[in-house]
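Structure at a glance
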Amino acid sequence: MRTLSKILLWIIMLIHTPIYAQEAVSWQRSENPIQSESVIFISSHAINLETAHNNSKGNLEFQIYHRFFPAISEGFESLYGFDGPVNMRLGFGYAVSDNFTVTLGRSNVNDNLDLRSKWQFCNKVYGSIPMMLAVQGGVAWNSNIFGRDNTDSRNFQYYGQLIFNTRILKNLGIGAVPSYLYNSNFLADEYEDTFGFGFYGQYYFNHRMSTILEYGTVLEGYALPYDYYAWGFELQTAGHFFKLFITNSLTLNPSQYIVGAVYPFEPDEFRLGFMVTRLLPI
Amino acid sequence: MAKKLIGIIPVSIILFFCYVYASEYNVDRDQANEVKFISDAPFEDFEGITSQIDGYVFWKDERFDENIDKAASRLYFEVELATMKTGIGMRDRDMREDYLETDKYPRAVYDAKIIAIDPLGNNSYRVTAEGDFSIHGVSQPREIIATVEMEQNDFHVVSAFTVNLKDHNIKVPKLLFLRIGEVIKIELDFHLKFIK
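Residues numbered from 1 in each chain as written. Chains lettered and ligands numbered in written order. Predicted model: local features only at pLDDT ≥ 70, side-chain atom pairs only at ≥ 80, totals over all residues. Heavy atoms only, no water.

1. Quick word on the environment of N155 of chain A
Residues and elements named next belong to chain A.
- Take N155: it is sitting in the loop between β5 (129-142) and β6 (156-169).
- The class of N155 is buried, set by a relative accessible area of 0%.
- Along the backbone, N155 and I145 are ten residues apart, and their C-alpha atoms lie at a distance of 7.5 Å.
- Sequence-distant contacts of N155, defined by excluding residues within four places in its chain, comprise A140, W141, N142, I145, R148, D149 and N150. (Helix = DSSP H or I, 4+ residues; strand = E, 2+ residues; numbered from the N terminus. Buried < 20%, exposed > 50% of the residue type's maximum accessible area, 1.4 Å probe, protein only. Contact = heavy atoms within 4.5 Å.)

2. Considerations on the pattern of salt bridges
Residue and element names in this part refer to chain A.
- Per the stated rule, a full pass over the model turns up 19 salt bridges over all chains.
- With its nearest N and O atoms 3.0 Å apart, the salt bridge here joins R116 to E50. Of this pair, R116 sits in strand β4 (residues 112-126) while E50 sits in the loop between α1 (2-23) and β1 (59-68), placing them 66 residues apart in sequence. This pair shows no difference in class: R116 is buried, exactly as E50 is.
- Salt bridges sharing partners connect three or more residues here, namely E50, R89, D114, R116 and K118. (Salt bridge = Lys/Arg side-chain N within 4 Å of Asp/Glu carboxyl O.)

3. Some thoughts on the nonpolar core
- In this structure, F37, F64, I186 and L192 of chain B are the most contacted members of the largest nonpolar core, which totals 42 residues.
- Of all hydrophobic cores here, the second largest spans 30 residues; its members include V39, M132, A134 and A261 of chain A. (Core = buried A, V, L, I, M, F, W, Y, C linked by side-chain atoms within 4.5 Å.)

4. So, unusual backbone geometry
- In this structure, P85 of chain A follows G84 of chain A across a cis peptide bond, with omega equal to 10°.
- Topologically, P85 of chain A is positioned in the loop between β1 and β2 (86-97).
- Notably, N110 of chain A is not glycine yet its phi reads approximately 60°, a positive angle.
- Positionally, N110 of chain A belongs in the loop between β3 (100-107) and β4.
- Take N110 of chain A: its relative accessible area is 30%, and that puts it in the partly exposed class.
- Positive phi is not limited to glycine here, since Q152 of chain B has a value of about 55°.
- If you trace the backbone, Q152 of chain B turns up in the loop between β8 (138-151) and β9 (154-164).

If you want it as structure tokens, here you go:
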């Protein structure tokens, strides 16, 4: 009988186990950690140089760039350069993924058609140091060279750039961009190369306004007489970036600015530049 | 021994009739869930959006209707604040680091009980919950109302409520001389899946 009693007790306990089992909540927090992404720059460009920032997948960036020929020193008569003439570039950059963008642009400097792609392969925070790295490669076609067939192979230039971005103060992002340009002197009879180096810093007063300083020099190979500089301000609002700056470089596409500038960076030679980009989700 | 048996049988009977079936629904993370933090101010209106909501609802009944034991119910939802995107990376960063301090307080949490269920027809209910809403490490008692629609065996939940940033010791962000709204509207639209 004692055995029967034990069996009965076990049966009762087993029957009522669900009462307690059902009261326990099975939910558990997902173990997937939230990855911290670095935010160093919010625009895909500093001024001439690209940042490692990539727009979100599916965004089309419409780019309108201007470099005004008349020097600011010409004064009101040429509206400080805004009267033009002007070097201009129109471009479309499509973010194929969150870290890959393809851009097609055209500037009126030698009717330069520029096709490039940028791959952001690192976007992390190491300890307290944010880091973004990207590579960019492209081909430029100078489609209107006097005395040469439009499709002459000498009209094509090829380039590659490594883009390194980090932040040294909370609101100060910096970028270093070593570049290589093949056929940098496309007007010459012989092929020449150029190794260039660009640097920029951008200080954000807040998430809408910032100031940018950019510098580019030639390390080796064909070069124009001067290094180029650009300094100005960026305003971000509702999907637009507006950039107004002074510079001694009137070129717009990578195959053009990597080789330097025609004018010195001196007050009498300062030119105005203006860029506007618009993000269009597709 | 007969006395023992006489004792065991009534206990068993009582326990049998006290048998409680419980239901649990968890946030279905495979669905298109959305939590919006909306600031509506004259010069700086924006929406912070994330899909990273998680949690559960639990009650001691097989069915879901106005007759469940509300005192024994529990709902718990949390939102990963560091995943919120406003469309401007710099603003996201400022919000994470300067205002929400997500390293220290990574989640907004609502831990509550159901206090009322009002049928709306067509398998929909107006559910009122009472509990604590916590963000930035500061917890405040809150009554929150949601519309819950039963879809086959799952639930679709839609809710909205407001949060005063000062109530949770969150600095009101400034943009130069402009201020964003002190009161943030939170909108939730998410799905629960049946667990048991």
